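Close look at the chain arrangement
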Protein chains: 2
Amino acid sequence: MNLEEIVNSIEPADQQILGQAQEHTSRLVMPLRALGRLNEIGERICAIQRTLKPSVKSKAILVMAGDHGIVAQGVSAFPQEVTGEMVKTFLSGGAGINVLARQTGASVYVVDMGIIPDVVHHTGSSDTKGAGPGAEKKLIIRKIARGTKDFTHGPAMTKEEALKSIESGYEVASRLVQEGVELLGTGDMGIGNTTPSSAVGAVITGQSAKEMTGRGTGVDDETFARKSDIIESGISINAPDPKDAIDILSKVGGFEIGGTAGAILAAARFRKPVVIDGLISTAGALIAYTLCPAVADYMFAGHRSVEQGHRIMLEHIGLEPLLDLGMRLGEGTGGALAMHIIEAGVRVFREVATFDEAGVSESVA
Amino acid sequence: MNLEEIVNSIEPADQQILGQAQEHTSRLVMPLRALGRLNEIGERICAIQRTLKPSVKSKAILVMAGDHGIVAQGVSAFPQEVTGEMVKTFLSGGAGINVLARQTGASVYVVDMGIIPDVVHHTGSSDTKGAGPGAEKKLIIRKIARGTKDFTHGPAMTKEEALKSIESGYEVASRLVQEGVELLGTGDMGIGNTTPSSAVGAVITGQSAKEMTGRGTGVDDETFARKSDIIESGISINAPDPKDAIDILSKVGGFEIGGTAGAILAAARFRKPVVIDGLISTAGALIAYTLCPAVADYMFAGHRSVEQGHRIMLEHIGLEPLLDLGMRLGEGTGGALAMHIIEAGVRVFREVATFDEAGVSESVA
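Residues numbered from 1 in each chain as written. Chains lettered and ligands numbered in written order. Predicted model: local features only at pLDDT ≥ 70, side-chain atom pairs only at ≥ 80, totals over all residues. Heavy atoms only, no water.

Next up on the list: the interface of chain B and chain A. On the chain A side, the residues contacting the 52 residues of chain B number 52 residues. Summed over both sides, the interface between chain B and chain A buries roughly 4300 Å², with carbon and sulfur atoms accounting for 67% of that surface. Linking chain B to chain A there are 2 salt bridges. In this structure, the salt-bridge partner of Glu351 of chain A is Arg102 of chain B, at a minimum N-O distance of 3.1 Å. Taken together, the connections running from chain B to chain A amount to 19 residue pairs in polar contact (both at pLDDT 80 or more). When residues of the side of chain B that touches chain A are traced back to their parent elements, those giving at least two are α3 (37-49), α4 (82-92), α5 (96-104), α15 (333-351) and α16 (355-358) of chain B. Considering each element in turn, the side of chain B that touches chain A owes the most residues, 9 residues, to α15 of chain B. (Contact = heavy atoms within 4.5 Å. Buried area = accessible area lost by both parts, 1.4 Å probe. Salt bridge = Lys/Arg side-chain N within 4 Å of Asp/Glu carboxyl O. Polar contact = N/O pair within 3.5 Å; in protein donor to acceptor, adjacent residues only side chain to side chain. Helix = DSSP H or I, 4+ residues; strand = E, 2+ residues; numbered from the N terminus.)

Okay, here's the thing in structure tokens:
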């Protein structure tokens, strides 16, 4: 299936089932819609999965990793080696995303979308033994190239690489869905990747680089000011077409951003909810949304990141974040944490008794 | 132990351990404090539990139930019978709090603090069989009286009843802590109880009845306007002393509000974190805080309720809610949901590797 066929195969969520689900919510033994967004979540997942028995028991998080040529411009507080080092940490289970995924019972799949080093995962029998559900960790290699190019000197990647990154993300996520995953989360790793993400956000939302730029992992004042100039200059040199997602991704994007876009397309195509995380995940979401606006029906915004551009990007898609806890780590951590909220919405929908079942008197109003 | 002795035995959280915990957070393999409030939560629980190995594995939610004489003034959209009917629903496991407590692995204890009917819990062997951890449901009878009196005609209860309600809540929660509970949640059930809660909030925060009044379970415009007048008139007739928590509780409070205050005192006394829920829980928190400001160190605000007075009450104690999801059910549901966030903070603190352990390069900034 090529990208055009994928996009054409995506349908909006089912409005008729949504109506039936809302009717069910009104019978639950509580004041009308008294659980607010939990009630909405349960209903949305019915409409996404085309059922009044929604399920998000099987969860997986795709941590898309890539390196970035733009790091040569000094936009990050961490050295580029950290991308590969963190990929190894994900595989040993010690990173933030591992801890939060374990808590919510989600498996973690790390996808090498284009990091510089070669990381190999030795899955010894001791690796997952006794680790319990949700502790699974796997490395999937879809290396498009060893990092993108510095986009202040020309495009970050070729159009073919951009397409390939989306198709690879689509293929990996599709396979997980076919293996039974009912709720997907997207995460990222890539030193320097807030810079291309803000650039993608600026082009698609039409906001200035200044408004879209945050401090990433924590750069100082001088670097912060320079980062916004670099984004502006990258956009001005490459002049991406704001209506052409592939053009934007290839000129100022990243391999993990493309992979995330592909994973979101797969979720929408196969009618599964997908939780996006922070700035980088949402840059991928914007690429997917620009290709196919119907994907918005399938997405949940896990949280609002500290990164200032994030709010603007979520508003562009029409997503209201579930959490706002001052987080700015990435890796998929905000999405993993929000999976508890999403599961709560589904459980409330399925497990709360109706007024009739409980034998409780209804409102006299 | 009488109330004065309880209050005198409560100490603030340990600032030295807080400092050690912050030092540990700075070594975790992520940009400095990049998990925001999750990092703070982990550290606060260290300071509360006096350990660098905090634990919230064993969780319990106390749903305090009471009836209210003020219902005679037509302040609720539901008939008074619903209090007892919902207590039965909690015991059969079909209410919102049961579903959310099961998800987070918390046991639910329903405390009859003073409902009108006699509810009996038949614990057959089939009741909890195979229900798994967190599915336990128990009824505890501490009936102070069969409902409070209508506080527009005089005090809601005697001072002795007010004291007894706090001491009963303290005793019930103390026992749970002694049985090993590491994280407490407070919840409520009582038709009409947003009215006394708003009254308690108005007296303690010094705000007007109008600003403190919300729609409760969903009253119409006319009742909404009358409700605020009723609260104002109850305060004016009884003239509670804003510095005297027992005076306030007895004049315009409720038995479940007193019970909640007592449970919070117990958590603070025995150095356990306690998650409060919405308006009614927070009225109990205000009573406990007025008796002993140090309890604020032990409390987490689970969520911000739709009820407009809630924000003002939380600000008075200095608590920032963890969730804001348009919820207004009570029962402890906001607190139960927030337990996932609190557990996440503890897990991040204990399970994320340090830079050294992971072999990852630190910031060059």
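Turning our eyes to something else, we now look at the sheet that holds strand β1 (residues 59-66) of chain A. Residue and element names in this part refer to chain A. Taken in spatial order, the 6 strands make up an open sheet running β3-β2-β1-β4-β5-β6, and their pairing is parallel. Edge positions in the sheet fall to β3 (137-141) and β6 (299-301), since each has one partner strand and no second. For this sheet, the mean angle separating the axes of adjacent strands, direction not counted, is 25 degrees. As paired strands, strand β2 (residues 106-114) and β3 are joined by 5 bridges and run parallel to one another. Across the sheet, residue Val108 finds its bridge partner in β3, namely Lys137. Packing against the sheet, helix α7 (residues 159-178) makes contact with β1, β2, β3 and β4 (183-189), and its axis sits at approximately 160 degrees to β1. (Pairing = 2+ DSSP bridges. Axes fitted to C-alpha atoms, helices over the stretch in contact; angles between N-to-C directions.)

Per the counting criterion, the structure on display carries 36 salt bridges over all chains. Residues Glu43 of chain A and Arg33 of chain A are paired through a salt bridge, measuring 2.7 Å at the closest nitrogen-oxygen approach. One end of the pair, Glu43 of chain A, is in helix α3 (residues 37-49); the other, Arg33 of chain A, is in the loop between α2 (15-25) and α3, with 10 residues separating them in the sequence. Glu43 of chain A gets classed as buried once you look at its relative accessible area, which sits at 2%. Linked by salt bridges that have partners in common, Lys59, Glu343, Arg347 and Glu351 of chain A together with Arg102 of chain B make up one network. (Buried < 20%, exposed > 50% of the residue type's maximum accessible area, 1.4 Å probe, protein only.)

All right, on to the relation of the copies chain B and chain A then. In the superposition of chain B on chain A (RMSD 0.0 Å, axial shift 0.0 Å), the rotation amounts to 180 degrees. Such a combination of turn and shift is consistent with a two-fold rotation axis. Here 100% of the interface residues in chain B have copies in chain A that are interface residues too; the copies meet face to matching face. (Least-squares fit on C-alpha atoms with pLDDT ≥ 70 in both.)

Since there are 3.6 residues in each turn of an α-helix, residues three or four apart along the chain are aligned in direction. All names here are of chain B. Burial within α5 is extensive, with 8 of its 9 residues counted as buried. Those residues of α5 lying buried are Gly96, Ile97, Asn98, Val99, Leu100, Ala101, Gln103 and Thr104. Note on α5: the residue one or two positions beyond its end, Gly105, has a positive phi of about 75 degrees.

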